[in-house]
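The lines below spell out each chain.
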Amino acid sequence: MSELTLTARQIRYTNKAFWRNPAAAFFTFVFPLMFLVIFATLLGSGTVTLESGREFNQSTYYVASMAVFSVITACYTNLAIGVTFQRDAGILKRTRGTPLPGSAYLGARVIHVMIMSILLVVICAAFGWLFYDADLPTGMSLVRSIIVVLVGSASFAALGLALTPAIPNADAAPPIVNATILPLLFISGIFFPVGPDAPQWIETLSDIFPVRHLVDAFLGSFYGPPLFAFSWRDVGIVAAWGLAGLIVATRYFSWEPRR
Amino acid sequence: MSDRAIEVTGLRKTYGDLEAVAGIDLTVDVGEVFALLGPNGAGKTTTVEILEGYRQRTAGDVSVLGLDPAGRARALRERVGIVLQSTGVDPYLTVRETVSLYASYYPSPRDVDEVVELVGLAGKRDTRVLKLSGGQQRRLDVAIALAGDAELLFLDEPTTGFDPGARRNAWEIVRNLSDIGKTVFLTTHYMDEAQNLANRVAVIAHGTIVAEGPPGSLAGRDRMKTRIRFRLPPGAPEPERAPHRLPDGSYEIRADQEETTKLVHDLTAWALESGFVLDALEVTPPTLEDVYLELTASEDVTA
């Protein structure tokens, strides 16, 4: 049997199990939309002054930033926690004893969260278009947006897998995963735009990590100039982090429960 | 193609200073049910996980179905079914979905419904794993191992946590497997399980095999003495052949197995003649448990 067929079947089962787990489905799909409504309602009437000096309606901004937030939640947070739980429950070890190649198993998990990411971005965009006057990308902008979502989701999924060897057990998974991602979300313009007045060290820090670059790349591709500049450099930095994640995951990934 | 399913020589596994497996030799023939018996921490699971390809050995030669399990070849995994000591499955899939998912990994799987039926979960076919009891989940573990129709099955303590009825059923499944020519490598700490299922038993203690053979003659069990026990009514004299008096007031005679019939005859004849009743008369041939306790107890003393 080809690895492709096995992976495809594995994706179907992963998807089935995903939707039957109410907590995972809720956090992945309802949370970002809830945040979008909250942020847009509380802060959305204002305008954002961007580094370029341009002003921008804040609710439209949140449509894009919450789309990125939902991608990171689905790919990084949920995957890292979910895989750690599966590892500790012995599911990974059992799978390891079957003819299914490990790459097909993990590949299916990654592709599944990438599909979920696309779905989430479409939902956020449709929601924003309906309620917050967000423009939808067309033509080259659309192509770029799709590339950004694919690169972003794959990279953050790889980073999620790369983190799992550092998580000692399933109980520790949620706090560790959140501790690694929440501060970055705050300094990277997910919950509020980081304007030109931000101190230099925040600027430097957010420039090192991939979250801000994914936000910038998505804003740039989704809305495009003149509001936001799109730069392949942002996409490249996200991809580089993803590649590093893949290398770490390949080297250190553990299939057996830690005891 | 050799008729050896498993061949192990000089297998060693050390974790730092700890020697978990200290040089063991094993062979398991095709079609045989082989039981590795031992107390917890004796090296059972380390050994079986080396054979399954989960662990790398420190030294020795290992061949499973003619291949080295350390290479983790897919061709080998397609021919082997595994029940691990503790494993989970996705709690949100149903019994049938779970078995059919694992069956789909193998080139020529068994019929899914047949396997579910075989382990006695037909009534739970569409129940999510989440809602199964511990014993039912263990039966699902067995179903998953059978799903691929593998020729060699590793069962690591397959009936731990089963109620007596479920254990009998599990034994029946293992017997059926051996009837259709499958090879079974079993680890257990239940004596009766090894006795009932295995063609051959190896007792492992502190990382070495301390005895090996068919359960009937393991470690001279066939040469061990039979125990005859009884109570005497108050005031009765002791029989000719002086029995050993136990702390609870009953008497015990240990006899060679070929001598047993005559001894019981003499004893009961004597009691009838004297008009006594031999209360709680019992004749116990040496059990595998006696052998096992003897073997592992002596090991504990040296430890």
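What counts, and at which threshold
Numbering of residues begins from 1 in every chain and follows the order in which that chain's sequence is written. Each chain is given a letter, starting from A, and each ligand a number, starting from 1, according to the order in which they appear as written. Per-residue local features of the predicted model are confined to residues with pLDDT of at least 70, and side-chain atom pairs are confined, for both listing and counting, to 80 or more; whole-chain, interface and lining totals are unaffected and use all residues. Only DSSP runs of H or I with at least four residues qualify as helices, and only runs of E with at least two residues qualify as strands; both kinds are numbered from the N terminus onward. What the globule rule says is 2.2 Å times the number of residues to the power 0.38, and the radius of gyration is computed from C-alpha atoms. Buried means a residue has 20 or more other C-beta atoms within 10 Å of its own C-beta, exposed means 12 or fewer, and partly exposed covers the counts in between; C-beta atoms are placed from the backbone. Think of it this way: build a C-beta for each residue from its backbone, and any pair within 7 Å is a contact. Axis angles are defined between N-to-C directions and span 0 to 180 degrees, where every axis is a line fitted to C-alpha atoms and, for a helix, only to the segment in contact. Should an angle lie under 35 degrees it is considered roughly parallel, over 145 roughly antiparallel, and from 65 to 115 roughly perpendicular; all remaining angles are considered oblique. Crossing handedness is defined as follows: a turn of the near helix away from the far one that is anticlockwise and smaller than a right angle gives a left-handed crossing, while the clockwise case is right-handed. Three categories are distinguished: nonpolar for Ala, Val, Leu, Ile, Met, Phe, Trp, Tyr, Cys and Pro, charged for Asp, Glu, Lys and Arg, and polar for the others, with Gly belonging to the last. For two strands to be treated as a pair, DSSP must find at least two bridges joining them. Expected helix span is taken as 1.5 Å per residue step, with the number of steps being one fewer than the number of residues. What the arc covers is the set of directions going from the helix axis to the C-beta atoms. Domain extents, as shown, originate in an automatic or database domain assignment. Confidence scores here are pLDDT values: one per residue, from the predictor, ranging 0 to 100.

Further remarks concern the overall build of chain A. Scanning chain A from terminus to terminus reveals ten helices and two strands. Listed by position from the N terminus, the elements making up chain A come as α-α-β-β-α-α-α-α-α-α-α-α. For 259 residues, the compact-globule estimate of 2.2 N^0.38 gives 18 Å, and the C-alpha radius of gyration of chain A, at 18 Å, lies within 12% of that figure. With respect to the principal axes defined by its C-alpha atoms, chain A has extents near 60 × 35 × 30 Å. Considering chain A as a whole, with its 259 residues, one finds that 46% of them fall into the buried category. Considering only contacts in chain A between residues 6 or more positions apart, those separated by 24 or more positions represent 79%.

Along chain B, the regular secondary structure elements total nine helices and 13 strands. Burial analysis of chain B (303 residues in total) assigns 40% to the buried set. Across chain B, every contact between residues at least 6 apart in sequence was considered, and the portion connecting residues at least 24 apart equals 68%.

The next thing to look at is the packing of helix H3 (residues 95-103) of chain B against helix H5 (residues 134-147) of chain B. Each pair of packed helices can be summarised by the angle the axes make with each other and by the distance between the axes. Residues and elements named next belong to chain B. As a packed pair, H3 and H5 sit with axes 8 Å apart at the nearest point and diverge in direction by 30°. Looking at the two axes, H3 sits roughly parallel to H5. Where H3 crosses over H5, the handedness of that crossing is right-handed. In this structure, H3 uses Val95, Thr98, Val99, Tyr102 and Ala103 to contact H5, whose residues at the interface are Leu140, Ala143, Ile144 and Ala147. In terms of residue class, the contact of H3 with H5 is built from eight nonpolar, one polar and no charged.

Residue and element names in this part refer to chain B. Looking at chain direction, strand S1 (residues 4-15) and strand S2 (residues 18-29) are connected through nine bridges and run antiparallel. Along S2, the bridge assignment pairs threonine 14 with glutamate 19. Following S1, the chain reverses through two residues before pairing antiparallel with S2; glycine 16 in that reversal takes a positive phi of roughly 60°.

This part takes up the interface of chain B and chain A. Facing 19 residues of chain B, the contacting portion of chain A comprises 17 residues. Counting only elements with at least two residues in the side of chain B that touches chain A, the list comes to helix H2 (74-77) and H3 of chain B. Class assignment for the residues of the side of chain B that touches chain A results in ten nonpolar, four polar and five charged.

A few words now on the pairing of strand S13 (residues 279-284) of chain B. Residue and element names in this part refer to chain B. The buried fraction of S13 is low, at zero of six residues. Looking at chain direction, strand S10 (residues 226-231) and S13 are connected through four bridges and run antiparallel. Opposite arginine 229, over in S13, you have glutamate 282 as the bridge partner.

With that settled, consider helix H10 (residues 232-252) of chain A. Residues and elements named next belong to chain A. An ideal rise of 1.5 Å per residue puts 30 Å on 21 residues; H10 measures up with 30 Å between its terminal C-alpha atoms. Taken together, the buried positions of H10 are Asp234, Val235, Ile237, Val238, Trp241, Gly242, Gly245 and Ala249. Projected onto a plane normal to the axis of H10, the buried residues spread over an arc of 165° and lie on a single side. Seen from the open side of H10, the exposed residues pointing more than 90 degrees away from its buried face are Trp232, Arg233, Ile247 and Arg251. In this fold, the buried residues of H10 make contact with helix H6 (139-163) and helix H9 (210-222).

Negative phi values dominate among residues other than glycine, just as trans dominates among peptide bonds. Residues and elements named next belong to chain B. Here aspartate 149, not a glycine, exhibits a phi torsion of approximately 55°, which is positive. Mapped onto the secondary structure, aspartate 149 falls in the loop between H5 and strand S6 (152-156). Take aspartate 149: there are 18 C-beta atoms within 10 Å of it, and that puts it in the partly exposed class. For glutamate 157, which is not glycine, the phi torsion reads 45° and is therefore positive. If you trace the backbone, glutamate 157 turns up in the loop between S6 and helix H6 (164-179). Since 21 C-beta atoms lie within 10 Å of it, glutamate 157 is described here as buried.

Here the domain parsing of chain B yields domain 1 (4-220) and domain 2 (225-285). Put simply, the middle of domain 1 of chain B and the middle of domain 2 of chain B, counted by C-alpha atoms, are 43 Å apart.

All names here are of chain B. Per-residue pLDDT for chain B has a mean of 84; in total, 92% of the residues score no lower than 70. The secondary structure element of chain B with the lowest average pLDDT is helix H9 (residues 288-302), at 61, and the one with the highest is H3, at 95. Considering only residues more than four positions removed or in separate chains, one finds that residues 299-303, a stretch of pLDDT under 50, has four contacts.

All names here are of chain B. Here leucine 155 is to be found in strand S6. Residue classification places leucine 155 among the buried positions, given that 28 C-beta atoms sit within 10 Å. In sequence terms leucine 155 and glycine 81 are 74 residues apart; their C-alpha atoms lie 8.4 Å from each other. Ignoring any residue separated from it by four or fewer positions in sequence, one finds leucine 155 in contact with Val83, Val184 and Leu186.

With that out of the way, let us pick up the environment of glutamate 55 of chain A. All names here are of chain A. In this structure, glutamate 55 sits in strand S2 (residues 55-57). Given 12 C-beta atoms within a 10 Å radius, glutamate 55 is considered exposed. Once the C-alpha coordinates of glutamate 55 and threonine 7 are considered, the two residues, 48 residues apart in sequence, prove to be 46 Å apart. Sequence-distant contacts of glutamate 55, that is, excluding residues within four places in its chain, are made with Thr47, Val48 and Thr49.

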